Each structure stands twice: as C-alpha cells, then as structure tokens.
Amino acid sequence: MADQRGEEFLRGKATSPRATFLELFFDVAFVFALTRVSNRLVDDFTVERRVFLPEAGETLLLLLALWMVWSLTTWTTSRFNPEQPALQLVVAGSMFASMVMAVSLPEAFDTRGVSFAVGYVAVQVGRPLFLTVVMRHHPERHVAGRILAWAVVSAVPWIAGAAVHNDARGVLWTVAVIIDYGAARLGWPLPGRGRAPTSSWPVTGEHLAERYQQFTIIALGEMILISGFGFSMSEFAAAQWVAFAITFASTVLLWRIYFYRAGTVLVEAVAGSARPGRLAESATYTHLAMVAGIVAAAVGYEIVIAHPGGHTDPAWLTVIVGGPALFVLGRTRFEYEVFGRVSRSRLVGLVVLVAMVPLVVRLPPLAVGAATTAVLAGMAATDALRARGRPPERPAPPL
C-alpha cells in the first residue's frame, strides 16, 4: 500500500504534460519578483551607485536565488503529479516563500536579509523534506533525500549571512549560491551513493519545455511593466515618447527572436530527444542567461526612457547594450540545443552589439537604445528572409 501511495505522487501516462493552472498561478509571484529585481538594478545604476560592481553583483545573486527556487519547483512538478492535493500545497507554499523573497529583495542586503534568507531556505529545505517523507517507501525518496542534504548544507551560509552585515553577507551568500548551483550541476553527490543529475530523471520533457516558454513570456511581460511604469512617471516629452516606442519595439523583437524557431519547437525537440532530461537540464541554464538578459534590457530601456538625452554613463551600456547581448548569447546556445547548429545572424548580431560599445559611449542614451534595437531588428529581419519559401525546420537536438 505504501509503495502504491508513492506511485500516486509520480506523474503517470494519464497525467497531462501541460502546465496546470496552479503552476501558472505560481508564476504570478515571479512577475512581481522580477519587477523587484529590475527596480533594484535601476537603483544600482542611477540612485545608489556606491560601488557599482558589488551592487550589481548583489542583485545578480538574488536573481540566481529566485531562479533556483523556480527551476527546482518546475522540475518537481514535472516529475511528480501536480494534481495531487498534497503537492499542490507544496507549490502554494513555494509561491508564498517566493513572495517573501520578492518583498524582501530590495533591502535584502540591508534590513531584510533575514526574511529573504528564511524564505529561500524554507522552500529549498521544505520541498525535498516533504517529498522524502511522502516517498519514504519508494525508491524516489533517495533523490529527494540527497537534495535535502545539500539544501541543509547551503542553509548554513544563507542563515549565517542573514545574521551579519556589509561585505560578510555578500561573501556568505555567494558561497551558498555556489553550493546550490554546484550541487545541482554535479547531481547532488553523496559519499558512497554517487550522483543523481537532473539529466537522468524520468521527467515529463514536454512539461519542462512549456514551462521554460512560459517563464520567458513572464520575463518579457516584466519588461513591458517596467517600461510602462517608467514612462507613466515621465514628463511625456517627445524624446521619451520615442524611447517608449523603441522599448516596446525591442520587447517585440526579443519575443520574435526567441520564438523563431527554436522557442516554438522546444516542446517537440525535448519530446523527440533520446535523453529529454539532458536537453531540459541544458535548457535550464540557457534560459537563465536569456532571462537575465531580458531583465537587464528592461533596466537599460527604463534608463533610456528616464534619461533620453544628455551624457550616457558608461555603466549604463552594460544594460542598454549588454542586456540584449546576453540574451542573444543565450539564444545562440539555445538554437544549438534545438537544431544542432547556429545561425550566422546570431553570431553577427552578437559581434555587432559588442563592437559598437566604444562607438556609442559618447552618444545620448536614446541613440544607444535605438542602435541596439536596430541590431535586434536586423536579426529578426534576417530570420524572416531566410525562412521565406522554405519549409519549417524540424528540431534536431545534438544532446
């Protein structure tokens, strides 16, 4: 009976591979969380500016923590049956912890470090602890148990970091993030018990692919929110109208570049892969890079809307140009994961974005944003021209 109860928690053939409404509801927390990340980055680049690199590094660290929570929750619902009421409680609890992290994020390195760390540790320890208990008579408990062991290890620097201040917190939380990502990348190894990498998990690949697509839409939606809020708070000057139009065009172009065609056939690519878990695991880090690029681009265009004229702070180029460049870099790897090749337009566009940095440093932010948007438009136009008159390319993942 106990083994049967454990089997009921696993996804079966009768379970739909589509994302459930609860998972989409769970994503709502990350719409808010990404806006908190973007707002914090805007302050890093425009308001605070104590020491730029450490501040931006702190924000990146917080984004990595959020992504770890989202991705492991997604992998959990891809392996276990999200229609089980008990698992739905786990997802709801993860959502609440994510909201605690999100509301604490702007001051996580100041007065709200404890709430951020406690929210993160609660979900990272609570999720595998629950699965270890409910699957205690099933072989699947070993995977949950090793994840729990590493979550407890990383909890130490997370909580210790929350108890200290200044640089010490950054050091301890960096160690914690390295432990979390390193353990996941190595398959949560334990002495005498080997590893259990996510690439070997019998997950529902179509579900994971769809979830990555949905989170990309969330990131693009956050870009819409940030630009909309920024423009609504502006003076509605002519230059700001142009900046807002450019921002919207860039958002549409990023959407187009992502979904043509690798993003569109990702579900099919994972479903047809000999090792769907390995492809999905690789796509986890690829989408992290693209999401980070979209968030940075949102910050960059927010700066363009707020400061369209005048002198461009050299640090602003890291988001106005660097954000789209990071997205294109991730998108280039994504194309290889799905088709086993890379389009020349991706490489050319990436080179142009990097090469134009010293050429635009003396231009006003509006001109820099327009130049970046023009490069994205060139990539999208090249895609359309290449596809004209040809049958849709089918996925051929090399992994």
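The structure displayed is predicted, hence computed values, not measured ones.

Criteria and cut-off values
- Residues numbered from 1 in each chain as written.
- Predicted model: local features only at pLDDT ≥ 70, side-chain atom pairs only at ≥ 80, totals over all residues.
- Heavy atoms only, no water.
- Helix = DSSP H or I, 4+ residues; strand = E, 2+ residues; numbered from the N terminus.
- Rg over C-alpha atoms; globule rule 2.2 N^0.38 Å.
- Buried < 20%, exposed > 50% of the residue type's maximum accessible area, 1.4 Å probe, protein only.
- Contact = heavy atoms within 4.5 Å.
- Salt bridge = Lys/Arg side-chain N within 4 Å of Asp/Glu carboxyl O.
- Patch = residues over 30% accessible without salt bridge, like charges linked within 9 Å, V, L, I, M, F, W, Y side chains within 5 Å.
- Areas by Shrake-Rupley, 256 points an atom, 1.4 Å probe, with all protein chains shown as cover.
- Polar contact = N/O pair within 3.5 Å; in protein donor to acceptor, adjacent residues only side chain to side chain.
- Domains from an automatic or database assignment.
- Buried area = accessible area lost by both parts, 1.4 Å probe.

## Some points on the overall build of the protein chain
When you go through the protein chain residue by residue, the secondary structure sums to 16 helices and 0 strands. Its C-alpha radius of gyration of 22 Å places the protein chain within 12% of the 21 Å reference for a compact globule of 399 residues. Overall, the C-alpha framework of the protein chain stretches about 70 × 60 × 35 Å when taken along its three principal axes. Out of the 399 residues in the protein chain, the part that is buried amounts to 54%. Partitioning the intrachain contacts of the protein chain with sequence separation of at least 6 by distance along the chain shows that 81% fall at a separation of at least 24.

## As for the pattern of salt bridges
The tally for this structure, following the rule as stated, stands at 12 salt bridges. Linking R341 and E335 is a salt bridge whose minimum nitrogen-to-oxygen distance equals 2.9 Å. A relative accessible area of 26% means that R341 is categorised as partly exposed. Among the ionic contacts, a cluster of salt bridges with common partners joins E23, D27 and R211.

## Side note on a nonpolar patch on the surface
Taken together, the side chains of I217, I224, F248, V252 and W255 make up a nonpolar region of the molecular surface, amounting to roughly 450 Å² of accessible area. Sorting the residues of the nonpolar patch by element identifies α8 (205-232) and α9 (238-263) as the ones contributing at least two each. The element that contributes the greatest number of residues to the nonpolar patch is α9, accounting for 3 residues. Assignment of secondary structure puts W255 in helix α9.

## Here's the deal with the environment of P397
Residue position: P397 is located in the segment after α16 (365-387). In this structure, the C-alpha to C-alpha distance between P397 and L190, residues 207 residues apart in sequence, is 31 Å. Leave out the neighbours within four places in its chain, and P397 touches A269, S273, L279, E337 and V338.

## Examining the side chain of T284
Within the secondary structure layout, T284 lies in helix α11 (residues 276-306). With relative accessibility at 8%, the residue T284 sits in the buried group. Separated by 2.3 Å, the side chains of T284 and Y212 make a polar contact.

## Some words on the domain arrangement of the protein chain
Looking at the assigned domains, one finds that the protein chain contains domain 1 (1-200) and domain 2 (205-387). At the junction of the two partners, domain 1 supplies 35 residues and domain 2 supplies 35 residues. Contact between domain 1 and domain 2 buries roughly 3,100 Å² in total, counting both sides, with carbon and sulfur atoms accounting for 71%. Our count for the contact surface shared by domain 1 and domain 2 stands at 3 salt bridges. For R211, the salt bridge identified is with E23, shortest N-O distance 3.6 Å.

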